[in-house]
Amino acid sequence: MTTIGQRNGGLDVMAAYIQARNINLAFRPSQRAPVRALAQFDLDVAEGEFLSIVGPSGCGKSTFLNVLLGLLRPDSGDLMVDGKRIAGPGTDRAMVFQEFGLLPWRTVQANVELGLELKRLPPDKRRAISRPLIDMIGLSGFEQHYPHELSGGMKQRVGLARALATDPKVLLMDEPFAALDAQTRDIMQAELLRVWQQARKTVLFVTHQIEEAVYLSDRVVVMTRRPGHAKKVFDIALPRPRDYEMRVTPQFNDIKLAIWQSLRDEITA
Amino acid sequence: MALFFALWEAVFLVVPFNPLFISKPSQIALGLLDLVSSGDLAHDLTVSAVPFVYGFSAAVLVGVALGVVMGWRPRVGYALDPLMTVFYASPLVALAPLVVFFFGVGVGGKAMIIFLLAVFPFMFNAAAGVRAVDRLLIDVVRSLGGSERDLYLKVMLPSVLPYIVAGARIAIGRALIGVLVAEFFAASEGIGYAIARFGDLFALDRMFACIIVIMVIAVVLTQGMRWAERAAFPWRRAAG
């Protein structure tokens with residue numbers, strides 16, 4: 001196994017659960033100049049860690065999640081999850097999408113069971129998995145509803161349950177709460193922490209909101225502007241379980257400010 | 001509706017129209033009864049239904065297949081779209097004599113005219129449906145380990161189906177025009193031929209009876225389609 005110099009990681013290289021080394025990726029739209037999205041991107045994530053990525057718009061945060069998900073192939077670089085190289089989509093990883101990505105012709109239950117259905121699980125086994133998940137996200141009684149009958153918050157709960165249904169090791173979240181109103185967003189953040197504490201997944205969470213990142217995460221990665229790579233990693237040494245009141249403590253605000261200052265240089269420069 | 005027929009009937013009490021040029025509801029009803037009891041109507045409808053079924057089925061198959069390819073492959077879409085638009089927008093009825101010349105009097109020629117009129121709504125709607133498929137949903141299914149076949153069955157098909165059904169509603173009306181036009185031009189039986197013949201014979205009561213039957217069929221088919229649509233796509237109730 002080749003170990004390339006550790007640039008930005010905070011954790012032991014060999015132990016890292018997710019290892020990204022020198023990832024490069026450029027988009028090549030036809031008849032236009034290529035756009036470099038990721039350049040020498042390195043990242044280490046520990047198993048069970050909640051890690052957020054913040055960065056300027058278009059810095060490649062979402063691109064990295066899509067690479068990790070296996071939907072995009074990097075031009076070069078090594079990407080390992082649990083010692084295995086990423087070669088495409090796999091059931092060890094699942095994504096929660098910003099725009100929910102629910103299939104409008106499927107009920108709540110059928111949406112939650114989508115991944116299980118694609119794994120060719122028989123209906124009774126699917127039900128056995130989906131029922132407790134639907135309970136957990138608080139949508140019992142809505143199993144036969146269609147997405148258009150749900151509020152934004154409810155839709156994203158379904159998105160979360162669908163991602164958890166295949167029992168992935170890694171949960172990728174691409175600005176999952178950006179389409180929700182502020183109050184719903186606060187509630188969903190608390191819910192997510194509760195679910196994460198129960199399920200102990202490794203979470204990679206992309207967001208534009210520094211406060212959200214600090215509130216949820218063990219560590220926050222600030223990315224440079226495009227072509228993006230990790231600029232600085234902040235350890236969030238706030239105790240858990242975290243509550244809403246914690247957001248108004250001086251300690252919380254100090255962290256927010258430090259991250260903002262690091263990020264500001266990338267936005268304004 | 002009842003008022004409309006009542007007024008129509010009432011006008012005849014006042015104005016002495018020449019029954020050669022216009023008829024009234026009571027006579028039309030008698031004519032209809034006559035056509036039904038003699039079996040002529042059933043016979044004509046059966047004769048017309050055969051090319052309708054052939055032409056319409058061919059329109060579904062060819063239209064959807066071509067439309068999907070046009071929507072999925074932008075180059076094919078660009079290449080075919082202008083030509084197809086010309087055919088769709090122009091009065092294809094003008095080609096009817098030519099079609100009859102090529103395909104003969106009878107089921108072949110009729111089915112061809114019906115096909116030509118009905119195929120384009122299917123084609124354009126299927127293409128629009130494929131273009132409107134949400135890329136995000138494709139990513140979702142792929143990321144959860146879905147195969148190419150899963151993409152077609154679980155994303156493409158359900159997205160495109162409502163567009164095809166909407167196309168079918170338009171196509172039904174056009175296909176019925178096809179039936180009549182084909183039978184006006186060249187036929188010896190069928191509901192369109194019956195209308196033309198009764199017109200020529202100044203048997204206006206029976207001509208109107210046939211016209212009303214065609215109208216009822218058109219409404220029933222179109223409305224039936226709407227009901228089927230609502231039953232089959234419950235997720236579109238709020239959006240639609």
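Our structure is the block above this text.
These numbers come from a predicted model, not from an experiment. Every chain is numbered on its own, with residues counted from 1 as its sequence reads. Naming scheme: in the order in which they are written, chains are lettered from A and ligands are numbered from 1. This being a predicted model, a pLDDT of at least 70 is required before a residue's local features are given, and a value of 80 or more before pairs of side-chain atoms are given or counted; all residues contribute to the totals for chains, interfaces and linings. Only hydrogens and water are removed before side-chain values are computed, so all heavy atoms of the structure are retained for them.

*Asks:* Explain a nonpolar patch on the surface residue by residue, including any values.
*Replies:* All names here are of chain B. On the surface, a cluster of nonpolar side chains totalling about 730 Å² of accessible area is made up of Leu83, Phe87, Leu95, Leu98, Phe101, Phe102 and Phe103. Secondary structure elements follow DSSP: runs of H or I of four or more residues count as helices, runs of E of two or more count as strands, with numbering from the N terminus. Among the elements of the structure, α4 (74-89) and α5 (96-103) are those that each provide at least two residues to the nonpolar patch. Here the element with the most residues in the nonpolar patch is α5; it accounts for four residues. Of note, Leu83 is situated in helix α4. A residue is classified by how much of its surface remains accessible, and Leu83, at 45% relative accessible area, is partly exposed. Only residues whose relative accessible area exceeds 30% and that form no salt bridge are eligible for patches; like-charged ones are grouped when within 9 Å, while nonpolar side chains (Val, Leu, Ile, Met, Phe, Trp, Tyr) are grouped when within 5 Å. Computed with a 1.4 Å probe, the accessible areas rest on the Shrake-Rupley method; for each residue, only the protein chains presented here act as cover. By convention in these notes, a salt bridge is any Lys or Arg side-chain nitrogen within 4 Å of a carboxyl oxygen on Asp or Glu. The classification of residues rests on relative accessible area computed with a 1.4 Å probe and restricted to protein chains. Under 20% of the type maximum is buried, over 50% is exposed, and intermediate values are partly exposed.

*Asks:* Pulling in residues and values, what's your account of the pattern of salt bridges?
*Replies:* Side-chain pairs of opposite charge can arise whenever the charged atoms involved come near each other. Residues and elements named next belong to chain A. On inspection of all chains with the given rule, the structure shows 23 salt bridges over all chains. A salt bridge links Asp75 to Arg28; the nearest nitrogen and oxygen atoms lie 3.6 Å apart. One end of the pair, Asp75, is in the loop between α1 (61-69) and β4 (76-81); the other, Arg28, is in the loop between β1 (18-27) and β2 (35-45), with 47 residues separating them in the sequence. We classify Asp75 as partly exposed; its relative accessible area is 44%. What makes Arg28 exposed here is its relative accessible area of 58%. Among the salt bridges present, the one from Glu113 reaches Arg127, with a minimum N-O distance of 3.5 Å. Pair noted here: Glu113 is in the loop between α2 (108-112) and α3 (114-118) and Arg127 is in helix α4 (residues 123-136), with a separation of 14 residues, a long-range link. Among the charged side chains, a salt-bridge network with shared partners connects Asp186, Glu211, Arg247 and Lys256.

*Asks:* Please provide a residue-by-residue account of the sheet that holds β1 of chain A, values included.
*Replies:* Residue and element names in this part refer to chain A. Taken together, four strands build an open sheet; the order of strands is β2-β1-β4-β5 and the sheet is antiparallel. The sheet is open, and its two edges are formed by β2 and β5 (84-85), each paired on a single side. DSSP calls a pair of strands paired once it identifies at least 2 bridges connecting them. Here two bridges tie β4 to β5, and the two strands are oriented antiparallel to one another. Pairing of Val81 across the sheet is with Lys84, part of β5. Relative to β2, α1 is tilted by about 65°, and along the sheet it contacts β1, β2 and β4. Any two residues whose heavy atoms approach within 4.5 Å at even a single point are treated as in contact. Convention adopted: a line fitted to C-alpha atoms gives each axis, helices being fitted over their contacting stretch, and angles between N-to-C directions are expressed from 0 to 180 degrees.

*Asks:* Lay out the side chain of Lys154 of chain B with the relevant residues and their values.
*Replies:* Here Lys154 of chain B lies in helix α8 (residues 148-185). By relative accessible area, which is 16% here, Lys154 of chain B ends up buried. In contact with Lys154 of chain B, not counting residues within four places along its chain, are Leu103, Trp105, Arg106, Leu114, Glu117 and Leu118 of chain A.

*Asks:* Can you tell me about the interface of chain A and chain B, naming the residues and giving the values?
*Replies:* With 21 residues of chain A at the interface, the matching set in chain B holds 19 residues. By buried area we mean how much accessible surface two parts lose on assembly, using a 1.4 Å probe and totalling the loss over both. Both faces combined, the contact of chain A with chain B buries some 1,900 Å², and carbon together with sulfur accounts for 71% of it. Among the residues chain A hides against chain B, the three largest losses belong to Leu71, Trp105 and Leu118 of chain A. Together they make up 35% of the total. Between the two partners, chain A and chain B, sit two salt bridges. Across the salt bridge formed by Arg120 of chain A and Asp150 of chain B, the nearest N and O atoms sit 3.2 Å from each other. In the analysis that follows, any N or O atom pair within 3.5 Å is treated as a polar contact, provided that within protein one partner can donate a hydrogen and the other can accept it, and provided that, for residues neighboring in sequence, both atoms belong to side chains. Put simply, chain A and chain B have three residue pairs in polar contact (both at pLDDT 80 or more) between them. Per element, the largest residue contribution to the side of chain A that touches chain B is four residues, and it comes from α3 of chain A. Three classes are used: nonpolar for Ala, Val, Leu, Ile, Met, Phe, Trp, Tyr, Cys and Pro, charged for Asp, Glu, Lys and Arg, and polar for all others, with Gly counted as polar. In terms of residue class, the side of chain A that touches chain B is built from 11 nonpolar, five polar and five charged.

*Asks:* How would you explain the environment of Ser188 of chain B if you had to name every residue and give the values?
*Replies:* Here Ser188 of chain B shows up in the loop between α8 and α9 (191-200). Sequence-wise, Ser188 of chain B and Asp81 of chain B are 107 residues apart; in three dimensions their C-alpha atoms are separated by 37 Å.

*Asks:* Describe in detail α8 of chain B, supporting the description with residues and values.
*Replies:* Taking 1.5 Å of rise per residue, 38 residues should cover 56 Å, yet α8 of chain B covers just 48 Å from first to last C-alpha, more than 12% shy of that figure. Two axes define the bend at a residue: one fitted to the seven residues ending there, one fitted to the seven starting there, and the bend is the angle between them. At Leu157 of chain B, α8 of chain B shows its maximal bend, which comes to roughly 40°, and the proline Pro158 of chain B appears one to four places after that position. To estimate how far a helix should extend, the number of its residues minus one is multiplied by 1.5 Å.

*Asks:* Kindly report on the pairing of strand β10 (residues 230-235) of chain A, identifying the contributing residues and their values.
*Replies:* Each regular strand shows side chains that alternate between the opposite faces of the sheet. All names here are of chain A. Here five bridges tie strand β9 (residues 219-223) to β10, and the two strands are oriented antiparallel to one another. Paired with Val220 across the bridge in β10 is Phe234. From the end of β9 to the start of β10, which pair antiparallel, there are six residues.

*Asks:* Break down the sheet that holds β10 of chain A for me, with residues and values.
*Replies:* Residues and elements named next belong to chain A. Pairing is mixed in the open sheet, where six strands are placed in the order β6-β7-β8-β3-β9-β10. Unpaired on one side and paired on the other, β6 (93-96) and β10 mark the two borders of the sheet. Direction aside, neighbouring strands of the sheet carry axes that sit 20° apart on average. The pairing of strand β7 (residues 170-174) with strand β8 (residues 202-206) spans five bridges and is classified as parallel. In the strand pairing of β8, Leu172 is matched with Leu204.

*Asks:* Please set out the side chain of Thr202 of chain A residue by residue, giving values where relevant.
*Replies:* Counting through the fold element by element, Thr202 of chain A comes out in strand β8. Discounting chain neighbours no more than four positions away, the residues touching Thr202 of chain A are Tyr17, Ile18, Val45, Ala46, Glu47, Gly48, Glu49, Lys169, Val170 and Leu171 of chain A.

*Asks:* Explain the nonpolar core residue by residue, including any values.
*Replies:* Residue types Ala, Val, Leu, Ile, Met, Phe, Trp, Tyr and Cys, when buried and joined through side-chain atoms within 4.5 Å, form a set referred to as a nonpolar core. By size, the foremost hydrophobic cluster in this structure holds 102 residues, and its most contacted members are Leu43, Ile53, Phe64 and Leu204 of chain A. Per-element tally for this core: the top contributor is α8 of chain B, with 15 residues. Segmentation of the chain into domains, including their bounds, is taken from an automatic or database domain assignment. Looking at which domains feed residues into this core, each of domain 1 (13-92 + 168-268) and domain 2 (102-167) of chain A gives three or more. Apart from the residues within four sequence positions on either side, Leu204 of chain A is in contact with Ile18, Leu43, Val45, Leu51, Ile53, Phe64, Leu65, Leu68, Val170, Leu171, Leu172 and Met173 of chain A.

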